[in-house]
Amino acid sequence: SKIVDLIEEESATIAVVERVTPAVVSIVVRKQRGDIAGAFDSAYFNPYFFSQPLDEQNASELVEVSSGTGFFVTADGYVLTNRHVVDELKATYTVVTNEGAEYAATLVDVDPFADVAILDVEGEEFPIANLGDSDMIRIGQTVIAVGNTLSEFRNTVTKGVISGINRRVTAGDSTNAEVIEEAIQTDAAINPGNSGGPLINLLGAVVGINTAVSFEGQAIGFAIPINEAKRAVADVREFGRIVRPWLGVRYVLVQPQEKTDQNFQYEVGAQIVAGDQPGEGAIIAGSPAALAGLKENDIIISVDGAALSQDTALAELISAYRPGDSVTLSILRDGAKEDVQVELAEYGESE
């Protein structure tokens, strides 16, 4: 019966992969050679360098600069992928389906706080990936990472288990690093080629978006929980862009130090601090935090009564709200606890 179980599990795996694969696409990013050449200071560093100056024809030639994976989430052509796959200025995007059909795509928006982007392809009847609930995943659960990169291999499929959740991790490559606050950790191999593709469970539901392997360990892959991306998709459908609430502070996580801090019984707080670089103030001018009167060195310990913790930092708590929402921040200022009302704004509006 063990053999029967194995055969059943294997055929189930094959079936879910076959069901999801039509929705998984290759994303090819191209730029004009002239735009690439302009981005380099010298010929020495320029891999697209011509020994003669670029004439108009050569300058306008499109050159592939990056590629990755994405997947259809709506039948009318919205494609979900990583921001770092498509984060190129003046680029053109092409989506190539599993069958080899090519479509021009436009970049709808990138999420300012997550490694998520949405492209749009003209059309109506695209096969879509079924989105699951990433809050329900469990350590030890089997998952499958699906990729589709033309420049490497079509339809790479790797299988593994979820080995950690709520991991804070740096992803991407050395020039474009990205911090993911609540990553899913898996031992399913995730390489730059399947970055942006779906991480699915054995029912074929997408629980995460694969993100290029971190530098921190071999045989460890990470994925962005799909619930984080669902709202981006809903926003784009409703507003035509990704809408993110914004507080406007720089902070570091701190633990209670003074005796007075201990009196307020908190696990971790967000202390408002300035950055190291010039112009990196603790509180951004004109931001909701500035308007509410928050000050440098204030320690935020809860948002509407929900306490900060190591797993739930300030950014995650704020991201649950919408621009225009009013929230009550409990803060410690000079050893005393105060409540401050803040009306959140939309990120990008008041900068």
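A brief structural summary. (Residues numbered from 1 in each chain as written. Predicted model: local features only at pLDDT ≥ 70, side-chain atom pairs only at ≥ 80, totals over all residues. Heavy atoms only, no water.)

Moving on, we get to the sheet that holds strand β4 (residues 91-96). The strands making up a sheet associate through backbone hydrogen bonding, with each pair oriented either parallel or antiparallel. Spatially, β1-β2-β3-β6-β5-β4 is the arrangement adopted by the six strands of the closed barrel, whose pairing is antiparallel. For this sheet the average axis-to-axis angle between neighbouring strands, irrespective of direction, equals 40°. Where strand β5 (residues 102-110) meets strand β6 (residues 117-121), five bridges bridge the pair, whose relative direction is antiparallel. Counterpart to T106 in the pairing with β6 is D120. With respect to the sheet, helix α5 (residues 226-239) is in contact with β2 (62-72), β3 (78-81), β5 and β6, its orientation differing from that of β3 by roughly 150°. (Pairing = 2+ DSSP bridges. Helix = DSSP H or I, 4+ residues; strand = E, 2+ residues; numbered from the N terminus. Axes fitted to C-alpha atoms, helices over the stretch in contact; angles between N-to-C directions. Contact = heavy atoms within 4.5 Å.)

Here the structure, examined in full by the defined rule, presents nine salt bridges. Measuring nitrogen to oxygen at the nearest pair gives 3.1 Å for the salt bridge that ties E61 to R33. Separated by 28 residues along the polypeptide, E61 in the loop between α3 (56-60) and β2 and R33 in helix α2 (residues 33-38) bring together distant segments of the chain. With its nearest N and O atoms 3.7 Å apart, the salt bridge here joins R237 to D76. Taken together, the residues span a long stretch of sequence, with R237 in helix α5 and D76 in the loop between β2 and β3 at a distance of 161 residues. Given a relative accessible area of 29%, D76 falls into the partly exposed group. Where salt bridges share partners, they join D298, R333 and E338 into one cluster. (Salt bridge = Lys/Arg side-chain N within 4 Å of Asp/Glu carboxyl O. Buried < 20%, exposed > 50% of the residue type's maximum accessible area, 1.4 Å probe, protein only.)

Let us look at the environment of Y103. Locating Y103 in the fold gives a position in strand β5. Ignoring sequence-local partners within four residues, the contact set of Y103 consists of Y93, T94, V95, T97, V121, E122 and F126.

All right, on to unusual backbone geometry then. Phi is positive for N297, close to 80°, though the residue is something other than glycine. Inspection of the secondary structure puts N297 in the loop between α7 (288-291) and β16 (299-303). The residue D334 is not glycine, and still its phi comes out positive at about 55°. Looking at where D334 falls in the secondary structure, it is placed in the loop between β18 (326-333) and β19 (336-343).

The tally for this structure, following the rule as stated, stands at three aromatic pairs. Between F72 and F126, the ring centres sit 4.3 Å apart and the planes meet at 10°, which makes this aromatic pair stacked. Residue F72 is found in strand β2, and its partner F126 is found in the loop between β6 and β7 (142-147); the two are separated by 54 residues along the sequence. Both rings, one in W246 and one in Y347, keep their centres 6.0 Å apart while their planes meet at 85°; by these two values the pair is edge-to-face. Residue W246 is found in strand β13 (residues 245-246), and its partner Y347 is found in the segment after β20 (345-346); the two are separated by 101 residues along the sequence. (Phe/Tyr/Trp six-rings, centres within 6.5 Å; stacked < 30°, edge-to-face > 60°.)

Over its 19 residues, helix α1 (residues 2-20) extends 27 Å from the first C-alpha to the last, a length consistent with the 27 Å expected when each residue adds 1.5 Å. Every buried residue belonging to α1 is among T13, V16, V17 and V20, and all of these are buried. Seen along its axis, α1 keeps its buried residues to an arc of 100°; they face one direction. In α1, those exposed residues whose orientation departs by more than 90 degrees from the buried face are I3, I7, E8, E18 and R19. (Expected span 1.5 Å × (residues − 1). Arc of directions from axis to C-beta.)

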